[in-house]
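# An overview of the molecular structure
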Amino acid sequence: MRRNVAFFGAAMFCVGCFSLYLMLESSTTSPRVMNDQDGEVDKIEWKIQEIEQELKKNHETIIRIKEMLSDLSKGDNINVDKLKNLVDQFEKSQNNKKKFIQPQENKPVLLNQTQFSKTGITLSPDTCELAEKPNPVGPNIEMLQTFATLPFSNPDGGVWKQGWDITYSPSRWTTDRPLKVFVIPHSHNDPGWIKTFDRYFQDQTRHILDNMVQKLEQHSKMTFIYAEMSFFSTWWSQQNDATKEKVKRFLNEGRLELPTAGWVMTDEANSHYSAMLDQLIEGNNWLFENVGVRPDSAWSIDPFGQSSTMAYLLKKTGFKNMLIQRVHYTIKKYLAEKSNLEFMWRQNWDLSGKTDMFCHMMPFYSYDVPHTCGPDPKICCQYDFKRLPGGKIACPWRIAPVPITDGNVAQKAETLLDQYRKKASLYKSDVVLIPLGDDFRYDKPDEWDNQYNNYQKLFDYMNAKSDWHVEAKFGTLRDYFEALANREKVKRGERPDNYPILGGDFFTYADRDDHYWSGYFTSRPFYKRMDRIVEAHLRAAEIAYSLARIADTKKSIFDSDKNMAEMLTFSRRSLALFQHHDAITGTEKDFVVVDYAMKLLKSLENTKKIIQKSTEYLMSDGNDVFTLDETRQSQDSIPEKQIIKLSSANERYVVFYNSLASNRSVIVSIWVNSPYAIVKNEFGQIIQSQCNPVWTNNEQYSTDQFKLLFVVTVGGLGMVRYSIEKAGRGENQLHSLAKIYFHSSGNNYQKIFDYQSDRSDVTLENREISIKISRNTGTLQEIKNKLDDITSQVKVEFIYYGTRGTKEKSGAYLFLPDGLAKQLSSPSVFVRSTKGPLSSEVNSFMKNVEHKIRVENAGDMKNLGVEIENIVDIRSEQNYELGMRIVTDIQNEDNEYFTDLNGFQMQKRRYFSKIPLQGNFYPMATMAYMEDKNKRFTVLTGQSLGCASLHTGWLEIMQDRRMKQDDNRGLGQGVLDNKRTPHRFRFLLEKRISSGTNAQSTGFASLTASKLSDDLIHSIFVLPAKSSINSPQIKHFVTTLNQPLNCELHAVNLRSDLKNRNNYALILHRTAPNCGFKSRGLFCTPGGGKINLGKLFSASYHLSEVKTTSLNLLWDDKPIEFNKLPVEIAPMELEVFKLTFSS
Ligand SMILES: [Zn+2]
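Residues numbered from 1 in each chain as written. Predicted model: local features only at pLDDT ≥ 70, side-chain atom pairs only at ≥ 80, totals over all residues. Heavy atoms only, no water.

## Points about the layout of surface pockets
In plain terms, the rule: For cavity detection a 1 Å grid was placed over the protein atoms alone, and a set of points counts as a cavity when a 1.4 Å probe fits there but cannot get out; an open set counts as a pocket when protein lies on both sides within 12 Å along at least five of seven lines, with lining residues being those that have an atom within 4 Å of a point. Grid points are joined across faces, edges and corners, and a volume is the space filled by probe spheres set on the points. Each helix is a run of DSSP H or I of at least 4 residues and each strand a run of E of at least 2, with the numbering of both proceeding from the N terminus. Each residue receives one of three labels: charged for Asp, Glu, Lys and Arg, nonpolar for Ala, Val, Leu, Ile, Met, Phe, Trp, Tyr, Cys and Pro, and polar for the others, Gly being one of them. In this entry, domain limits derive from an automatic or database-based domain assignment.
Its volume calculated, the second largest pocket comes out at about 1,000 Å³. Forming the walls of the second largest pocket are 41 residues, and the residues nearest its centre are E282, T569, R572, R573 and K1059. Counting only elements with at least two residues in the lining of the second largest pocket, the list comes to helix 6 (197-218), helix 7 (229-236), helix 9 (273-290), helix 16 (525-551), helix 17 (557-560), helix 18 (562-578), strand 45 (1049-1056) and strand 46 (1063-1070). The element best represented in the lining of the second largest pocket is helix 18, accounting for nine residues. For the lining of the second largest pocket, the class distribution of residues is 15 nonpolar, ten polar and 16 charged. Counting only domains with at least three residues in the lining of the second largest pocket, you end up with domain 2 (180-503) and domain 4 (1045-1143).

## Considering the coordination of the zinc ion
The condition is simple: Think of the donor list as every N, O and S atom within 2.8 Å of the metal, or within 3.2 Å for Na, K and Ca; water never makes the list, so a site can look incomplete. Key to geometry: four donors with every angle between 85 and 135 degrees are tetrahedral; four donors are square planar and six octahedral where opposite donors lie over 155 degrees apart and all remaining angles lie between 65 and 115; all other sites are irregular. Buried means the residue's accessible area, taken with a 1.4 Å probe over protein chains only, is under 20% of the maximum for its type, while exposed means over 50%, and partly exposed covers the values in between.
At this site the zinc ion is bound by H188 (NE2), D190 (OD), D302 (OD) and H581 (NE2), with donor distances of 2.0 to 2.1 Å. Taken together, the four donor atoms coordinating the zinc ion and their angles of 92 to 161 degrees define a geometry best described as irregular. Expressed as a motif, the donor residue spacing for the zinc ion is H-x1-D-x111-D-x278-H. Placement of the pair is D302 in the loop between strand 5 (297-300) and helix 10 (308-317) and H581 in the loop between helix 18 and helix 19 (590-619), with a sequence separation of 279 residues. Comparing D302 with H581, the two get one shared label, buried.

## Details of the side chain of D278
The criterion, for reference: Contact definition: two residues touch when any of their heavy atoms are within 4.5 Å.
If you trace the backbone, D278 turns up in helix 9. Not counting the four nearest positions on each side in its chain, D278 is found in contact with L538, N1053 and R1055.

## Observations concerning the environment of L179
Residue position: L179 is located in strand 2 (residues 179-188). Sequence spacing of L179 and Y420 is 241 residues, and the spatial spacing of their C-alpha atoms is 8.8 Å. When residues no more than four places from it in sequence are discounted, the contact partners of L179 are W173, L417, Y420, R421, A424, D430, V432, H469, V470 and E471.

## Considerations on the pattern of salt bridges
The condition is simple: The working definition used for a salt bridge is a side-chain nitrogen of Lys or Arg within 4 Å of a carboxyl oxygen of Asp or Glu.
Per the counting criterion, the structure on display carries 77 salt bridges. E841 is paired through a salt bridge with R854; the nearest N and O atoms lie 3.8 Å apart. Placement of the pair is E841 in strand 30 (residues 839-846) and R854 in strand 31 (residues 849-856), with a sequence separation of 13 residues. E841 gets classed as buried once you look at its relative accessible area, which sits at 10%. Judged by its relative accessible area of 16%, R854 is buried. E867 serves as the salt-bridge partner of R854, at 3.8 Å between the closest nitrogen and oxygen. Within this pair, whereas R854 is found in strand 31, its partner E867 is found in strand 32 (residues 865-872), the two being separated by 13 residues in sequence. Each member of the pair, R854 as well as E867, is classed as buried.

Below you can see the structure in the form of structure tokens.
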């Protein structure tokens, strides 16, 4: 006995020495962060954090040794061997750990799971500047302020119902300054809506494009524009060389233009900026590689509301001008009154004007022919020569077009010119843009001939009338913008002197009366959630594939495996397709949803395979190492977890892949077949674990399936191996079984987990926060942030809206509620809680919702967040819209709150009582917050949904909607294909430490909120190894980065050029956090936008060249000297670096 004690005394001495050594050692190789004073402070703070975590970790080991010693002293000798193992393990792990730290300069040590850094991170002044300084070059038309001043009265404007009776003086146009008219034939092709993509292609699109070739050849003055590359590439692949040459010739001649050339015309409300960009990259690159052109005019005529994020993406892609159409009629009229429909669209956060994008807004109701030639649809319709008598479609105004003849051309030309002139007088330049087309137009040769011949006669006549001072012809979008620039004596895309600068976005769209298109922010939420999941998988697959492909210098498995490139391409294109404005929006036919979803499901499977293969390559020498952690039975089912069968004889290995470029600590939940287990980290150290039941109903749990929870700590873009083995009851002192509490009714007679009835309200807490949950309603009541010592009422309620009784009712697009929301009342809510050291949660079962509230103890910033999950199922309801309302005591002035635009930026919103309730809803792609002088409450979402703040301190997030009827926007059906849908949210309560002016119409998330959002969207990937895999076959960990990215930077993607194996595009986004909040629990170091690309990747990656390039990867700059100096990204900006690695 004495000898044993002496042995352990020595061991503990060793432990002490080791940790001291490690501290000193890591101090000398400490990260060089920044040279300025702040940087020094940060460095010291970081060192303190490091030391703190090392001490605590060692403390844990010592506690365990003490426990075992105590057992030994009681005569329990079973622990002798274990104790020996533990000491051996510890030594080994510290040696390993040293290896992990030592060779890599600038590499911060990962924080241990149980630590939480209370020291906030200090960000650099230029990072904080955007949120703190008033904008010196703010726009002169700001949309939120405009909303505040307009009456939204909707008076009848006559023939132009939403405008006014336009008058003009013909003397406005002269010989020197004639009216220039560009009539632009176009065909809007939805890649799925009433028909599937394939059906549309077969029935219409291929004929349209076939005819295009024939008719542009035949009619030498005819022009055409066409936008959607998903269709165009399909058609192109079926053409012979002669046809392809003709198309290239038309493009060269400037008679054919492929504006935007995205894979689709992306939705701008629900889509995330990374997916919007992906679809643009996919379309633009396909076009450049196959046809050799790069678009520089953008055309967005159908998305249901327009986002300033799109303007930014286009600008940074190299576009010179853009056109938008679906904007609230009141805004159109307001801008038209002062000829401000053309403007420089500036990002609200831009302090220099460098984001300005020349934008043309169409003035009238629609992009069809009746609403594009001028203000009077009854007249314009007569100039749609597809509607000549005898055709399939007629004019609803009951005056049919007639063919233009020598006899009628004088009168017809004069009438049309009057419309052109009226339209022109809404703009400044006396160059007028007249789109001539509609959905799936020009599919018959006759239509081409009729439009061409009749219009050409009208043009010839007009142009010959010298006293009319008009030059009319067919043209493209580029022709129009070029002529405008010439007329205004600027270069295309530049701002002419008297043109306004506009800031803000164009949500929420109304096309007439109180018909606000806010329903689609939430329609088909199951697929909005699936979109985000596929997006995260695709991004993770891109990055893992790139990392493995770069590393694969010898074996070339990534070259020979064409299958992988094909799988990646398929997934890129499927997700790109889903960004279409009738896909992610949920505004397509039921069977079209299924068609998209099958593609998304296939993409999910593909990307999982790519992640597996790439991880296999990086982490092992073997093939076929991994199995799936979860599977989906079908496109509309919730994933099911795979059970890992544990044994005490063999360890099972699970690899975790972190696709974010920052270090993370994450609580994972692995489903296993034993309630008792031992979990070891990559150093072989036993770590804390928790077992939760898998419930089979409210009161009963499975006796052969269990959730094993533990904290995984993994470096940025890194992979790490943990092992799990079965343990006996009580064998592992770091393993806890959760305790169950029934708060309403409920009982359990099973033996595994302790349970008790507890008829009081529930408190869940970790060291950082504490929350209260009502046992009656089963919902959150209050959040306390213990670190900041602030408490806020955060009452969650579920509410619902019906549909109004008038003829016009809610549908897939429109939200037309029957009044204020009603409280969802459930006669009795079943409330149960499960508590443990790592994670504690409350599950509440109410009508239509299963509601989960969870507090975690991951040791990082996630300790500050409250996890919310709602599984909603409203299939038993009709004309019913379910929402989650959060009632707080935040005193947000003027009912101001903030919602994000595409996960890229925050936009200030205000509740306006002059706008109907449905017009006060906005898209919430990733985040919303409200604040007062003292605190800010942020809600993060894992899927895009509609939200509103209808009252001071309230935030309402819609969950699902079920509509019996169509809403007369062409879909021709209701929305009745609801699914059981899981939604994820995070709540964050933060205290303001500095006031921050926030005078602008933009806002900025706190650093903690933005990191929590990244973490929510990009879960850790779980790759269980097959049971046959043993330890030597998998590495303990892989680090691919020399050092993680700075706190301010986010790796949007690392995208392989599939045509050139040495080329990769690194897309980075620099966030601009609001520095008025403490950023605690973060595993990153602040460094502003500086990044040293030469030192970013670990030594095994040989970077040979770096170029900056446009966002679509097509406009390269000269190579930069990446080894000498860090590059710097400005706050809020996205930048792309083309990386070439030498093999
Ligand atoms: Zn469309």
